[in-house]
Amino acid sequence: MKYGMRERISGVVIVVALAVIFVPMLFDEPDNADQRPDPVLTIEPPVDVERRDVPAPEAPDGLGEIVGPQSHEQREQVLDEAQQQTQSRDAESEQQRPEQEPDTASEAPREDPIAAIAQAADQRLTDSSSNSSSSTPAASGSGEWSVQIGSFGKVANADGALQRLRNKGYPAWKQQRSDGLTAVYAGPYTTTSEAENVMGRIKGDAELGFNGFLKRAAP
């Protein structure tokens, strides 16, 4: 009860203050538009400016005279005169131009670069095929490196691959494996560089169609 009286007094004060503020606004009438002052337009006096006499404009010298419309005959005459002047200037320039010897280098047929590249590639293929058939490293009986070109389940297929290698000039041999397959080798060779050389030649020979790999094996 001690604080209840204070809260009530505060509420009454707030209500009275709001009533004092808003009640007069409810009863006041809006301003009449007729009572508002009219806008006033003020015009200042003009400013005095000194006047000077300006000469009349003259046409420029390069403008020329205005030509009236021409007839069809007049236009053709003007075009003929212009064409004659052009032909005379061309004839004078041809007479003044020094005579030049014909350029034989420009008239010579140009070589086709694509054809030249194709011809060089064919020549390299021919040289490589001749070199592969003539410079195949000879096998060494004491070597331990061979090129295995495949393992075959049928002995007839292994014999056919063996004969194809020998027809190409490669020393070849075969070996029966424990799993029943027959492995065909080219070699043997003393060094790995010789065996790798032969392996590259065999892979590059499209007629053989073998993809060999290097293996330490001897007959």
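Placed above this text is the structure.
Residues numbered from 1 in each chain as written. Predicted model: local features only at pLDDT ≥ 70, side-chain atom pairs only at ≥ 80, totals over all residues. Heavy atoms only, no water.

1. Notes on the environment of glutamine 176
Assignment of secondary structure puts glutamine 176 in strand E2 (residues 172-176). Expressed as a C-alpha distance, the spacing of glutamine 176 and phenylalanine 152, which sit 24 residues apart in the sequence, is 9.7 Å. Of the polar contacts made by the side chain of glutamine 176, one reaches the backbone oxygen of glycine 180; its length is 3.3 Å. Here threonine 182 takes part through its side chain, which lies 2.9 Å from a polar atom of the side chain of glutamine 176. (Helix = DSSP H or I, 4+ residues; strand = E, 2+ residues; numbered from the N terminus. Polar contact = N/O pair within 3.5 Å; in protein donor to acceptor, adjacent residues only side chain to side chain.)

2. Things to note about the sheet that holds E2
Within the open sheet, the 4 strands sit side by side as E2-E3-E1-E4. Their pairing is antiparallel. With partners counted over all chains shown, the strands left at the sheet margins are E2 and strand E4 (213-216), one partner each. Geometrically, the sheet is characterised by an average inter-axis angle of 40 degrees between neighbouring strands, direction not taken into account. Direction of pairing for strand E1 (residues 145-152) relative to E4: antiparallel, over a ladder of 4 bridges. Along E4, the bridge assignment pairs serine 146 with lysine 215. Helix H6 (residues 192-204) contacts E1, strand E3 (182-189) and E4 of the sheet and is inclined by roughly 40 degrees relative to E1. (Pairing = 2+ DSSP bridges. Axes fitted to C-alpha atoms, helices over the stretch in contact; angles between N-to-C directions. Contact = heavy atoms within 4.5 Å.)

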